[in-house]
Amino acid sequence: MTDYDSTRTSTGHGLSEGSYLDSHFEAMKPEYEAMIRSVGLKSGWSVLDAGCGGGSFLPLLAELAGADGHISAVDLAPENIEQVDSLVENKGFPCSIETRVGNLTSLPYEDNCFDAVWCANITQYLTDDELGEVLAEFCRVVRPGGLVAVKEFDLTANLFSPFDQTMIWRLYDAARHHIPPMQGGLRTFQLPTWFKQAGLISVGFESFLSERKAPLRPIEREFISTILQVHPQAAASVDLPEQDMVAWRALADFDSPDHILKHPDFCFREGHVVVVGQVPGN
Ligand SMILES: C[S@@+](CC[C@H](N)C(=O)[O-])C[C@H]1O[C@@H](n2cnc3c(N)ncnc32)[C@H](O)[C@@H]1O
């Protein structure tokens with residue numbers, strides 16, 4: 001099982017290290033593919049993968065961009081960009097791919113140089129101020145008429161069972177004040193309003209659910225174990241009723257024969273939202 005702390009990048013983001021991201025993508029692949037195909041990216045386009053991580057989305061982005069297209073991939077963590085560079089070198093993508101280390105709050109690209117931006121699983125890490133800056137940067141680097149697409153997980157839809165769901169909600173409510181991805185994950189359903197405030201037009205969104213039920217495939221167990229681990233760790237950092245803490249401590253004991261991952265009715269549900277808007281003009 002991947003330890004949560006080992007999923008942190010050199011730039012300090014949890015659940016962001018390349019091999020963890022690969023396991024997440026593989027465990028939820030059909031839904032992730034459906035999400036990216038829903039955006040409307042066109043063959044021949046130049047697309048920015050903003051916050052590319054280890055490059056999990058690149059094969060599909062490159063397929064959609066096609067031989068005449070181009071992908072630029074940018075991320076804050078140098079080791080993730082190194083992983084993407086070796087992927088590009090070893091895999092052979094249908095279109096050209098260029099990488100850069102950079103911050104989404106001040107993108108290292110000229111105005112109007114992309115047809116679209118794809119940004120997956122990043123806004124959870126951004127404060128409200130940073131989210132405004134990042135959306136303004138997306139509007140700057142995408143040409144008039146081009147698309148800005150943000151995919152984010154929606155914490156309001158996350159559940160696992162058998163477990164008292166109200167304990168999950170109490171934890172998220174208590175922990176959101178000091179764990180940025182929890183606050184960011186609870187903001188996801190408001191992203192369409194943020195898009196409109198940033199000046200984007202024709203804003204639309206679609207929700208997706210990933211559900212995984214027992215018996216889990218090994219890759220699903222790997223990914224879900226890491227996500228489950230986050231919960232008791234967060235619980236230990238906040239003030240919760242003792243009966244909640246008993247349940248969270250039990251969840252942390254993965255070796256117990258009674259752990260919910262071994263329950264025949266175990267189910268994990270992850271919610272996602274894909275928001276797409278158009279840069280005005282043309
Ligand atoms: C959860 S990962 C998502 C990676 C990839 N988009 C995916 O879905 O597999 C979050 C990524 O965002 C990057 N990141 C976080 N804040 C960033 C920022 N301000 N600018 C650029 N990259 C950032 C992290 O380095 C990490 O690679």
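Report follows, based on the coordinates. Small disclaimer: the values here were computed from a predicted structure and weren't measured. Starting afresh in each chain, residues are numbered from 1 along the sequence in its written order. Totals for whole chains, interfaces and linings use every residue, but because this is a predicted model, local features are given only for residues with pLDDT of at least 70 and side-chain atom pairs only at 80 or more, for both listing and counting. Hydrogens and waters are ignored; side-chain quantities use all the structure's heavy atoms.

With respect to the overall build of the chain
Then, number 1: Helix numbering and strand numbering both begin at the N terminus, where a helix is a DSSP run of H or I of at least 4 residues and a strand a DSSP run of E of at least 2. Helix and strand content of the chain: ten helices and eight strands.
Then, number 2: Here the globule rule is a power law, 2.2 Å times the number of residues to the power 0.38, and the radius of gyration is based on C-alpha atoms. Its C-alpha atoms give the chain a radius of gyration of 19 Å, near enough to 19 Å, the size a compact globule of 282 residues would have.
Then, number 3: In terms of principal-axis extent, the alpha carbons of the chain reach across some 60 × 40 × 30 Å.
Then, number 4: Contacts are residue-level and defined by heavy atoms, with any inter-residue pair within 4.5 Å sufficient. Long-range pairs, those at least 24 residues apart, make up 80% of the contacts in the chain with a sequence separation of at least 6.
Then, number 5: Here the accessible surface of atoms and residues is derived via Shrake-Rupley with a 1.4 Å probe, and residues count as covered only by protein chains that are part of the display. Within the structure as shown, the chain displays about 12200 Å² of accessible surface, and the carbon and sulfur contribution to it stands at 52%.
Then, number 6: Lys and Arg are tallied as positive, Asp and Glu as negative. Neither His nor the chain termini are counted. Think of each charge as sitting on NZ of Lys, CZ of Arg, CG of Asp or CD of Glu. Between the averaged position of the 20 positive side-chain charges in the chain and that of its 40 negative side-chain charges there is a distance of 5 Å.

Section: the site of the ligand
Then, number 1: Only heavy atoms are used to decide nearness, and a residue is near a molecule or strand if one of them lies within 4 Å of it. Neighbouring the ligand are 20 residues, the closest being Gly51, Asp75, Asn103, Ala120 and Asn121.
Then, number 2: For the purposes of these results, a polar contact is taken to be a pair of N or O atoms within 3.5 Å, where, inside protein, one atom must be able to donate a hydrogen and its partner to accept one; residues adjacent in sequence count only when each atom of the pair is a side-chain atom. Within the backbone of Ala120, one N or O atom sits 2.8 Å away from a nitrogen atom of the ligand.
Then, number 3: In the complex, the protein chains occlude 96% of the 600 Å² of accessible area that the ligand would expose alone.
Then, number 4: Any residue outside Ala, Val, Leu, Ile, Met, Phe, Trp, Tyr, Cys, Pro, Asp, Glu, Lys and Arg is labelled polar, Gly included; the first ten of those are nonpolar and the last four are charged. Each residue belonging to the shell around the ligand can be placed in one class, and the counts come to ten nonpolar, nine polar and one charged.

Overview of the environment of His13
Then, number 1: Counting through the fold element by element, His13 comes out in the segment before helix H1 (18-27).
Then, number 2: Spatially, the C-alpha atom of His13 lies 18 Å from that of Asp49, the residues being 36 residues apart in sequence.
Then, number 3: Setting aside residues up to four positions removed in sequence, His13 forms contacts with Thr7, Arg8, Leu76 and Tyr125.

Some remarks on helix H2 (residues 29-37)
Then, number 1: Relative accessibility thresholds used throughout: buried, under 20% of the residue-type maximum; exposed, over 50%; partly exposed, between the two (1.4 Å probe, protein chains only). Residues of H2 that are buried: Glu31, Tyr32, Met35 and Ile36. Relative to the axis of H2, the buried residues are bounded by an arc of 130° and lie together on one face.
Then, number 2: Taken together, the buried residues of H2 touch H1, helix H3 (58-65), strand S4 (114-120), strand S5 (142-153), strand S7 (201-213) and strand S8 (267-278). Here the arc refers to the directions that run from the helix axis out to each C-beta atom.

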